[in-house]
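Residue-level structural notes
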Amino acid sequence: MKENKVSDKRRDLSKVMPTVVQRIITSCSMEKCFQHLDATPIPARDAVAGAIQHARRLLFPGYFTQSVLASSNLEYCLKKDMTALYNALVKQIIFTAQHDCMRLEQFCVQCEESSRTKALQFIQALPNLREVLATDVYAAMEGDPAAKSFDEVITSYPGLFAITVQRLAHVLYKLKVPQLPRAMTEYAHSFTGIDIHPGARIGNSFFIDHGTGVVIGETTEIGHRVRLYQGVTLGALSMPKEAVERFRDKKRHPTIEDDVIIYSNTTILGGDTVIGARSTIGGNAWITESVPPDTKVYLKKPELIYSASGRRSPSEKHKNKMMFRFKGKRNAAGSYS
Amino acid sequence: MKENKVSDKRRDLSKVMPTVVQRIITSCSMEKCFQHLDATPIPARDAVAGAIQHARRLLFPGYFTQSVLASSNLEYCLKKDMTALYNALVKQIIFTAQHDCMRLEQFCVQCEESSRTKALQFIQALPNLREVLATDVYAAMEGDPAAKSFDEVITSYPGLFAITVQRLAHVLYKLKVPQLPRAMTEYAHSFTGIDIHPGARIGNSFFIDHGTGVVIGETTEIGHRVRLYQGVTLGALSMPKEAVERFRDKKRHPTIEDDVIIYSNTTILGGDTVIGARSTIGGNAWITESVPPDTKVYLKKPELIYSASGRRSPSEKHKNKMMFRFKGKRNAAGSYS
Amino acid sequence: MKENKVSDKRRDLSKVMPTVVQRIITSCSMEKCFQHLDATPIPARDAVAGAIQHARRLLFPGYFTQSVLASSNLEYCLKKDMTALYNALVKQIIFTAQHDCMRLEQFCVQCEESSRTKALQFIQALPNLREVLATDVYAAMEGDPAAKSFDEVITSYPGLFAITVQRLAHVLYKLKVPQLPRAMTEYAHSFTGIDIHPGARIGNSFFIDHGTGVVIGETTEIGHRVRLYQGVTLGALSMPKEAVERFRDKKRHPTIEDDVIIYSNTTILGGDTVIGARSTIGGNAWITESVPPDTKVYLKKPELIYSASGRRSPSEKHKNKMMFRFKGKRNAAGSYS
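Definitions and limits used
Residues numbered from 1 in each chain as written. Chains lettered and ligands numbered in written order. Predicted model: local features only at pLDDT ≥ 70, side-chain atom pairs only at ≥ 80, totals over all residues. Heavy atoms only, no water. Pairing = 2+ DSSP bridges. Helix = DSSP H or I, 4+ residues; strand = E, 2+ residues; numbered from the N terminus. Contact = heavy atoms within 4.5 Å. Buried area = accessible area lost by both parts, 1.4 Å probe. Salt bridge = Lys/Arg side-chain N within 4 Å of Asp/Glu carboxyl O. Polar contact = N/O pair within 3.5 Å; in protein donor to acceptor, adjacent residues only side chain to side chain. Buried < 20%, exposed > 50% of the residue type's maximum accessible area, 1.4 Å probe, protein only. Least-squares fit on C-alpha atoms with pLDDT ≥ 70 in both.

1. Looking at the sheet that holds strand E4 (residues 215–216) of chain A
Residue and element names in this part refer to chain A. With respect to topology, five strands assemble into an open sheet ordered E1-E4-E7-E10-E13, the strand pairing being parallel. Sheet topology places strand E1 (195–196) and strand E13 (286–287) at the edges, where each strand pairs with a single neighbour. Here two bridges tie E4 to strand E7 (residues 233–235), and the two strands are oriented parallel to one another. In the strand pairing of E7, isoleucine 216 is matched with leucine 234.

This is the structure in structure tokens:
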């Protein structure tokens, strides 16, 4: 009896399926914009993750493996990882190039050849990238009193992972590879909560501490030795919907000069906004105008309102066993019980 | 000798283990609340991830595969994914239903049958969901000047992933499937930093940009064409501990009407709070009262305090090679060196 | 012809590779600080993930498996997971210990033995940890009106995952195991957006709701029954670069006493800052001074500026079909159209 019911329901699926499938097919054929049939595949998360992993092994040899990398094997291992990275990249870049040809209804002539050239240019950029990333590792060690060793920074710091991936993606962005750069930075974003657009131009010795919630927009320019904390947004000013198209290729995000520090949860907006060299921006600020060099900018301490919570009577309070180490000064604005 | 020591330590584990295991067992048997022995398994992260992946292939055919999806195969492929999704869902919904029966000490009569019906209702909801998600893709393209193509939005935008999963989970939430909806949105939360409760009711053409830190509570209602940025909270007002039970089924989160834009890191709280249609809420605001339609609300620019940082002498500053493009106006509150 | 071109490009890779590899090798040998050749491997993400998964199965038996855990098998299963956890830990702790010896150029005498002892001490800490985590589960259920069941809290609440991993990592931190503790909390950070340093000391019944963006620094002390919301930072005051070294082992982060609630996006900074027992800190606040016990501290409501957005004429507004449930009071600072 129960068997029958179950098979009834199974029959229901086969009854229901043709209609549901047909409705999806019809709906797909109506939305031309994201028709994706007969199309070259798009870089999958796994492929992107694999390429990033190979690149990290080349940039920090010996760090991302569970077996010992002996000096005597170094050359062999680097060549092996480099070949794997090259092959993976060629495949993905060809995919995205062919895909763009299809999308823009162009005839695809030399996608394969130019993709191979781009993959090669990417490989050739690695030694320089390695040197820039070394400055980022030093910057983390110098900027964070909780950092115990370079190894810890390289293997566990989300900020270093995010900037590593962004620097890799930026090379592809400059080579005008479509889709792949953004897929790479989005992969890092999903791991770290740090969202750096592949287009952003970022100097040496860059350090992001903690990092969750950091957003750095496409046309941001950042100098050398800049330090950011969690929740910092370097973004665009709001614009009316009708202006979005007009701003698509303009500078919309701020410029941060050398040696600037920006504390947590501060928002800096606008393509004309420049934070001058060696300036420090306090936490929680909202800045839409330029700041001259050598300036400290802090939010005027917002007024806090203190009141007794009345959760306990005063006599009970004094019985409070837990040692209370209150050392604060009375706030001008508030009074406490 | 060294061998001996090591085996001593190994013997230590076997000496220590019985006590440790016994203490865990005793402690488990005392906490009835999360006794989970002899119990039906709970949806595992992998099972949840698999169901979401199948559903995405149905909702965006051709996007989430590394091989070409040919038009001629479309029907076959959709049916294959649909059957897999149905089977995975039936299994997980039965698990959660039986689990709830056990937890509530009910006799489990028709869990299996009603679970199959719910899985079927979910499948039937997919074509409509697909159409709603198409409006979300358009909204991202229109709302973000950095968006390069629909493909990029579909494959790389965390906001689209989060709302896709939430819309799927919301169908199951309305069908009163326990646990699974929340497990699904939490999966998306872990990837995107966007935490939308499966209970939230959200209109068409919804766009979240960047998204890290966004929180949308269970009883939130959102109209059509609403746009949010990173760090926006649509939450509940604080309540004393003793009130938590009383509020469990009440509307505790705000209502956002059509065409509203809410900029980054703004917090809007309370079940009676309504943001009227076509209003714009600036960034960093804290709102616990309703806002009428067609209104712009901005935080009064908080006072900033500027001071010379003294990190360099003025004469050195003028030697500063880096071009400084300062265009800001002098802030009434501050003075810079 | 096309074949030829492709093989040309392939030859290009083999032409280019020797130079690129050589440059990387040279650059590696110059940066002694993160030379990582011939070195013991560092805990890989997978190994860390595996250890955490085994520990969760021991701490919440029956929850993290897709098959039924029968009471009759409980002892057997716990022993199996415990042995696996012990072996995984021993391996990783030996790696990190040998690695530190190498890094500090010490002769490695008893790394293996002391690592086994530490792994054993970790195993022995599990029953107590289980009891503390039980109080965290209750705290989540009591603190969140959206929580449906203990099972949902245990399987889907990111805050519980983050504190589980931190409590595990804290045991290893106290045992002075290098690297592994931070790798563990960073794993949890990547899943949850919650960044708790393994050094933080945290009492019972701790609950973090939503959690994305939470940062809790190394020397933070937190009492019992404390509740935090998303975006809360318990951090260090900013310090000049030259002071970083001096502060490396000092208390730099605040003390939060028993029964404190801290609402979303509030920042509390400084090693001398104490938030007294039973106090409540409102959202969005920025606190660098102590707060006495039994106090409510709220940000003075910042002034909001209201203006008509002019997106629609007033007459059109009245035609607005969507019911508008405006109940707000007129804000003293603003006027609406």
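Here the narrative resumes.
2. As for the sheet that holds strand E6 (residues 227–228) of chain B
Sheet strands line up and pair through hydrogen bonds in the backbone, either parallel or antiparallel. An order of E3(B)-E6(B)-E9(B)-E12(B)-E14(B)-E15(C) is seen for the six strands of this open sheet, with the pairing classed as mixed. Two strands close off the open sheet at either side, each with one partner strand: strand E3 (207–208) of chain B together with strand E15 (304–308) of chain C.

3. Describing the pairing of strand E14 (residues 295–299) of chain A
Note that strand E12 (residues 280–281) of chain A and E14(A) share two bridges and pair parallel. From the neighbouring strand, Ile281(A) faces E14(A), where its bridge partner is Val297(A). By the bridge criterion, five bridges tie E14(A) to strand E15 (residues 304–308) of chain B in an arrangement that is antiparallel. Its bridge partner being in E15(B), Thr295(A) is matched across the sheet by Ala308(B).

4. Section: the interface of chain A and chain B
Each side of the interface is counted separately: chain A has 86 residues, and chain B has 87 residues. Carbon and sulfur atoms supply 58% of the area buried between chain A and chain B, which totals about 7,900 Å² over both sides. Inspection of the region where chain A meets chain B yields two salt bridges. Between Glu289(A) and Lys301(B) there is a salt bridge, and its shortest N-O distance comes to 3.9 Å. Counting the contacts that link chain A with chain B gives ten residue pairs in polar contact (both at pLDDT 80 or more). At the level of elements, helix H1 (2–30), helix H2 (45–59), helix H3 (74–103), helix H7 (180–192), E13 and E14 of chain A are the ones that each hand at least two residues to the side of chain A that touches chain B. The dominant element in the side of chain A that touches chain B, judged by the number of residues it contributes, is H1(A), at 17 residues.

5. Considering unusual backbone geometry
All names here are of chain C. In this model, histidine 210 sits at a positive phi of 65°, which is unusual for a non-glycine residue. One can find histidine 210 in the loop between strand E3 (207–208) and strand E4 (215–216). Histidine 210 sits in the partly exposed class, given a relative accessible area of 22%. The phi angle at aspartate 259 is positive, at roughly 65°, despite the residue not being glycine. Assignment of secondary structure puts aspartate 259 in the loop between strand E8 (255–256) and strand E9 (261–262).

6. Here's the deal with the relation of the copies chain A and chain B
Overlaying chain A with chain B gives an RMSD of 0.0 Å, the required rotation being 120° about an axis along which the chain moves by 0.0 Å. This pairing of chains is accounted for by a three-fold axis. The fraction of interface residues of chain A whose copies in chain B are also interface residues is only 5%, indicating that the copies meet through different surfaces.

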